[in-house]
Amino acid sequence: MKYKKIAALVSILIISALTFGFVYTSDPYFLIKKNFTIFSEVYDEVSTRYVDEVEPERLMRHGINSMLEKLDPYTVIIDEADSQEMDIVTTGQYAGVGLEVGARADKLVVIAPIEGYSAERRGMKAGDVIIAVDGTPTNNMTMEGLQSLLRGESGSQVSITTTRIGLDEELTFDLTRERIDIKNIAYSGILDGDQRIGYVLLRRFAQNASEELRNAVLEMKEGGELDGLILDLRNNPGGLLDEAVYMVDKFVSPGHKVVQTKGRMPETNSVYSTEEPAILNKPLVVLQNNGSASSSEIVSGALQDLDKAVIIGDRSFGKGLVQIIRPLSYNLAIKITTSKYYTPSGRSIQSHDYSSVENPDEVEVPDSLRTPFKTLSGRTVYEGIGIEPDIQVDDGPQSLLEVALLQNSHYFFFANQYASENPEFDLELVDEALFDSFQVYLEKEEFNYKTRSEHYYTEFTESLDDEIRKNAQAQLTRFEEIVNEEKQLQMEQNAEKIKQELFLELLSRYEGTTGKLKHSLKYDESVQEGIRLLANPEEYKSILNITEYCTKEIYTCIP
């Protein structure tokens, strides 16, 4: 009996030990401490005893980055320079001289001076090539390096040296840095046509984006009631979640869910709803493409689920993850994904699962596994691949010729040359004489590119034996002639598209970026499809599955 009691006691102790060990080792705080100790010891051993000297900071940063790479692309360490960029994204402000700059070919150039700031006031122009900043040459300098030199403390001075087509001498501009307010809206106005259709091009969701939208709509309404509105979110990468909610609030009556966030921690679970009366109870079209992400998808997804807008364009990017920024020591911070967001119908727009797939960017959710959801009017929408448009508009692939002309910035540099020689520009489409001048310019610049046929021809000739190539020289020469004929034919076939690009680039030299944007809408297929739809109320209502009798306050009433 004594031995049985001892055996039972031992069994209880063993079970208790196993149970305690299981609970203890699965405790996240214990696991963090355990693995941090292991990591620290390995780091110390490698830093002090490895055969070759290592850089401790670089080694540690590489280890941290490798750890974060196992999560998702949006969870990253932010250093001081990146933090400044984040401030620009979220606040829409920085101290600079007011220049939009870019890389063209191997040059750093002025895309456009921003109206009202130091660079524009001192006479810098689009097309100026920046060759030095405060005496530091820009050759071999990156765009990031140039921007860091142009930005600084408000009130400080910076000297920019440029060259300009038509002038032999270099130009030096002594500029004063000042606070630059980046506008969220790149352009807004009434579109040409029989109806009063407003248009707003939103570039980002920084602070005050929703208020800028409100002001733009109210300003357009001053000239008379709008018949509809087109909100362009194409290539808008997103920004602040709150601004996306406030933007939906401008079009939807109070009390409707816009987005819900869900995460591991209780404080990351939130529901955001509309609160204010709508400022526009008219038909609404939203434009999007593969570059529309995050906050853009919150807006388009909410308006689609609430049957408040018709979505036109291409499928959105599919980023349904929410990040916050947490400060770290030594002026560092971590941008970390803490939750996922869901549209009013309950669907997630996240297109890739970073938690269970080794290469999530290569794997999409198959149609058979996509969960259906219902909009307010009963339409079926699906989760897992971003926001799908109600009307698909594909801009179509560019030809190799068009790609090559853009890659080598030939429109940009031809426009610089033309503007230096012509003080005025007739605001009509490029005529044949100007198109011929552009082709002469391309010949002078020795512009060349390879067609698909030429690629195949090169591969074929390189595979030939020297003797065979010699004997077939006549046939090969004839084939080269055919390739050149094909190139000329492509120039003729793409003439209208090339003329449009050339016209818009030239227009930016005489009317600035705003003028270029305004005129480009005439050739924009998605915009024109939006105008066509807004002129057909019955088709609009049919797509949204609504009637002219508004049974819910949220629906757009169309007489």
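For the structure itself, consult the block above.
*Asks:* Can you help me understand the overall build of the protein in this one?
*Replies:* Within the protein one finds 18 helices and 21 strands. Taken across its 559 residues, the protein has 40% of its residues classed as buried. For the protein, the proportion of contacts with a sequence separation of at least 24, taken over those separated by at least 6, is 67%. Total accessible area on the protein stands at roughly 31600 Å², and carbon and sulfur atoms take up 51% of it.

*Asks:* Got a minute to help me understand the packing of helix α2 (residues 28–49) against helix α3 (residues 56–69) in this structure?
*Replies:* Between two packed helices, the angle of one axis relative to the other and the distance separating the axes together describe the packing. Running from N to C, α2 and α3 cross one another at 145°; their axes reach a closest spacing of 11 Å. Pair α2 / α3 crosses with right-handed handedness. Residue-level inspection shows Phe 39, Tyr 43, Val 46 and Ser 47 of α2 in contact with α3, the latter providing Pro 56, Glu 57, Leu 59 and Met 60. For the contact of α2 with α3, the class distribution of residues is 6 nonpolar, 1 polar and 1 charged.

*Asks:* Please clarify how the sheet that holds strand β12 (residues 228–232) should be interpreted in this entry.
*Replies:* Within a beta sheet, neighbouring strands are joined by backbone hydrogen bonds and run either parallel or antiparallel to one another. Taken together, 6 strands build an open sheet; the order of strands is β10-β11-β12-β15-β16-β21 and the sheet is mixed. The sheet is open, and its two edges are formed by β10 (185–190) and β21 (391–392), each paired on a single side.

*Asks:* Explain the environment of Asp 305 to me, please; I cannot follow it from the model alone.
*Replies:* Along the chain, Asp 305 falls in helix α9 (residues 295–305). For Asp 305, a relative accessible area of 3% puts it in the buried group. With 47 residues separating them along the chain, Asp 305 and Val 258 place their C-alpha atoms 9.1 Å apart. In contact with Asp 305, other than residues within four places in its own chain, are Thr 343, Pro 344, Ser 345, Arg 347, Thr 375, Leu 376 and Val 381.

*Asks:* Even after reading the chapter, I still don't get the pairing of strand β11 (residues 197–202), so can you show me in this structure?
*Replies:* Two faces, one strand: in a regular strand the side chains alternate between the faces of the sheet. Across the 6 residues of β11, 6 count as buried, placing the element largely inside the fold. Side chains Ile 197, Tyr 199 and Leu 201 project from β11 onto one buried face, and the interleaved Gly 198, Val 200 and Leu 202 project onto a second face that is buried too. Inspection of the sheet shows β10 paired to β11 by 5 bridges, in the antiparallel sense. What sits directly across from Tyr 187, in β11, is Leu 201. What sits between the antiparallel neighbours β10 and β11 is a turn of 6 residues, in which Gly 193 has the positive phi angle 150°. Here β11 runs beside β12; their pairing, made up of 5 bridges, is parallel. Looking at the pairing, Val 200 lines up with Leu 231 of β12. In this fold, the crossover linking β11 to β12 by way of helix α7 (residues 209–221) has right-handed handedness.

*Asks:* So what exactly am I meant to see when it comes to the side chain of Glu 529 here?
*Replies:* With respect to the secondary-structure elements, Glu 529 resides in helix α17 (residues 525–534). Glu 529 sits in the buried class, given a relative accessible area of 18%.

*Asks:* I tried to follow the pairing of strand β15 (residues 284–288) on my own but got confused; where do I start?
*Replies:* Counting buried residues along β15, 5 of its 5 residues qualify, which places the element largely inside the surrounding structure. Note: β12 against β15, 4 bridges, orientation parallel. Looking at β15, one finds that Leu 229 is bridged to Leu 284. Judged from the 4 bridges that link them, β15 and strand β16 (residues 310–313) form a sheet pairing that is parallel. Bridge pairing links Leu 287 to Ile 312 in β16. In this region the chain leaves β15, passes through α9 and returns to the parallel neighbour β16; the handedness of that crossover is right-handed.

*Asks:* Which parts of the structure should I look at to understand the packing of aromatic side chains?
*Replies:* When we look at a pair of aromatic rings, we describe it by the centre distance and by the angle of the planes. One pass over the structure, following the stated rule, counts 11 aromatic pairs. A centroid spacing of 5.5 Å and a plane angle of 10° characterise the contact between Tyr 411 and Phe 438, whose relative ring orientation is stacked. Of this pair, Tyr 411 sits in helix α11 (residues 410–421) while Phe 438 is found in helix α12 (residues 432–444), placing the two residues 27 residues apart along the sequence. Here Tyr 411 matches Phe 438 in class, with each residue buried. Through a chain of ring-to-ring contacts, the aromatic side chains of Tyr 411, Phe 414, Tyr 418, Phe 425, Phe 438, Tyr 441, Phe 503, Tyr 510 and Tyr 523 assemble into a single cluster. If you follow Lys 107 out to its NZ or CZ, it ends over the ring of Phe 413, 5.5 Å from the centre. The ring of Tyr 342 has Lys 262 lying over it, and the distance from NZ or CZ to the ring centre is 4.9 Å.

*Asks:* I tried to follow a negative patch on the surface on my own but got confused; where do I start?
*Replies:* Together, Asp 426, Glu 428, Asp 431 and Asp 436 make up a negatively charged patch on the protein surface. With respect to the helices, strands and loops of the structure, Asp 426 is situated in the loop between α11 and α12. Of the residues examined, Asp 426 reaches a relative accessible area of 57% and is grouped as exposed.

*Asks:* Hey, could you run me through the nonpolar core in this one?
*Replies:* A general feature of soluble globular proteins is that nonpolar side chains tend to end up buried together. Core analysis: the biggest nonpolar cluster contains 58 residues, and Ile 230, Leu 231, Phe 251, Val 299 and Leu 303 have the highest contact counts within it. Apart from residues no more than four positions distant in its own chain, Leu 303 is found in contact with Val 248, Phe 251, Val 252, Leu 284, Val 286, Lys 308 and Ala 309.

*Asks:* Honestly, α17 in this entry has me stumped. Any pointers?
*Replies:* In an α-helix, one turn spans 3.6 residues; hence positions three or four apart end up facing the same way. Most of α17 is tucked away, with 7 of its 10 residues classed as buried. Those residues of α17 that are buried are in contact with β11, β12, β15, β16, β21 and α18 (537–544).

*Asks:* Teacher, can you tell me more about the side chain of Asp 307 here?
*Replies:* Inspection of the secondary structure puts Asp 307 in the loop between α9 and β16. According to the relative accessible area criterion, Asp 307 is buried, its value standing at 0%. A polar atom in the side chain of Asp 307 sits 2.9 Å from the side chain of Arg 379.

Thresholds, definitions, all that
Residues numbered from 1 in each chain as written. Predicted model: local features only at pLDDT ≥ 70, side-chain atom pairs only at ≥ 80, totals over all residues. Heavy atoms only, no water. Helix = DSSP H or I, 4+ residues; strand = E, 2+ residues; numbered from the N terminus. Buried < 20%, exposed > 50% of the residue type's maximum accessible area, 1.4 Å probe, protein only. Contact = heavy atoms within 4.5 Å. Areas by Shrake-Rupley, 256 points an atom, 1.4 Å probe, with all protein chains shown as cover. Axes fitted to C-alpha atoms, helices over the stretch in contact; angles between N-to-C directions. Left-handed = near helix turned anticlockwise from the far one by under 90°. Nonpolar A, V, L, I, M, F, W, Y, C, P; charged D, E, K, R; others polar. Pairing = 2+ DSSP bridges. Right-handed = clockwise from strand over helix to strand, strands pointing away. Phe/Tyr/Trp six-rings, centres within 6.5 Å; stacked < 30°, edge-to-face > 60°. Lys NZ or Arg CZ within 6 Å of the ring centre and 35° of its normal. Patch = residues over 30% accessible without salt bridge, like charges linked within 9 Å, V, L, I, M, F, W, Y side chains within 5 Å. Salt bridge = Lys/Arg side-chain N within 4 Å of Asp/Glu carboxyl O. Lys, Arg positive; Asp, Glu negative; His and termini not counted. Charge placed at Lys NZ, Arg CZ, Asp CG, Glu CD. Core = buried A, V, L, I, M, F, W, Y, C linked by side-chain atoms within 4.5 Å. Polar contact = N/O pair within 3.5 Å; in protein donor to acceptor, adjacent residues only side chain to side chain.

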